Each structure stands twice: as C-alpha cells, then as structure tokens.
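# Topology and contacts: notes
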Amino acid sequence: MAMTRTTLAGMAAIVLLGVVGPAHAAADVQAGKAKAAACAACHGANGQGTAPNPALAGKSEAQLIQALKDFKSGKRDNAIMKGMASSLSDQDIENLAAYYASLK
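Before going into details, it helps to say that this report is about the structure given with it. Everything numeric in this text was worked out from a predicted model, so none of it was measured. (Residues numbered from 1 in each chain as written. Predicted model: local features only at pLDDT ≥ 70, side-chain atom pairs only at ≥ 80, totals over all residues. Heavy atoms only, no water.)

Inspection of the secondary structure assignment puts Ser89 in the loop between helix 5 (79-86) and helix 6 (90-102). A relative accessible area of 33% places Ser89 in the partly exposed class. Sequence-wise, Ser89 and Lys69 are 20 residues apart; in three dimensions their C-alpha atoms are separated by 9.8 Å. Here the side chain of Ser89 touches Asp92 through a polar contact of 3.0 Å, landing on its backbone nitrogen. (Helix = DSSP H or I, 4+ residues; strand = E, 2+ residues; numbered from the N terminus. Buried < 20%, exposed > 50% of the residue type's maximum accessible area, 1.4 Å probe, protein only. Polar contact = N/O pair within 3.5 Å; in protein donor to acceptor, adjacent residues only side chain to side chain.)

Attention now moves to the environment of Ser73. Inspection of the secondary structure assignment puts Ser73 in helix 4 (residues 61-73). It is 7.9 Å that separates the C-alpha atoms of Ser73 and Ser86, two residues lying 13 residues apart in sequence.

Tallied over the full model, the rule gives zero disulfides. Sulfur of Cys39: no disulfide; nearest cysteine sulfur belongs to Cys42 and is 8.7 Å away. (Disulfide = S-S within 2.5 Å.)

Right, let's get into the pattern of salt bridges. All chains considered together, the criterion is met by one salt bridge. For Lys35, the salt bridge identified is with Asp92, shortest N-O distance 3.7 Å. One end of the pair, Lys35, is in helix 2 (residues 29-35); the other, Asp92, is in helix 6, with 57 residues separating them in the sequence. Classification of Lys35 by relative accessible area gives partly exposed; the value is 36%. Using a relative accessible area of 18% as the deciding quantity, one classes Asp92 as buried. (Salt bridge = Lys/Arg side-chain N within 4 Å of Asp/Glu carboxyl O.)

The structure is reproduced here in structure tokens:
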C-alpha cells in the first residue's frame, strides 16, 4: 500500500508540473522600449511603420510574439528580420511585444 501511495504521489507531481509548466518572468514594457531602438530605423520611432515596413504599434502581443518567433525560426522569410530576431531571447521577444502592444 505504501508503494502505491508513493507511486501515486510521484505521478501526481509529474502531472502537476506538466499542467503548471515552467514559470517565466512577466514582460517588461520598459525593457522592450530600450530594445526597440534597433527597430526604429525600419518601423519608426514609435512603431508607426515606414513604407514598406509595417506598423508595430497597437498590434497584439500574441501577433508580435508569433511574428518574431517565425522570423527567428525561418518560418517567415525575410533576411533582415531573421538577422534581427535571431539575436533576441524569448524574454526580449516578450518585452518587445509588450512595448509595441502598449502603443496606440
């Protein structure tokens, strides 16, 4: 019986970890703003976009995160954006997305 309880407890812990997942830091808008300086040349000082580059301001965090991850992985094909995104950590991506999503 003790073995069964131990096994069940272990299985419950594994399931709980799978459901909860790893904790990560919340996005930091100010850190995103600082990182966005490199984006300004193509996307404007306030993320308003400069033709032919799209506006980033006001897009949802989810859209921005997905776009940056797609550029980083090569799923979206743009040599300039791949180069820019490849140096970003996941936290950098979240921070940038939070910053641009905060702009109107």
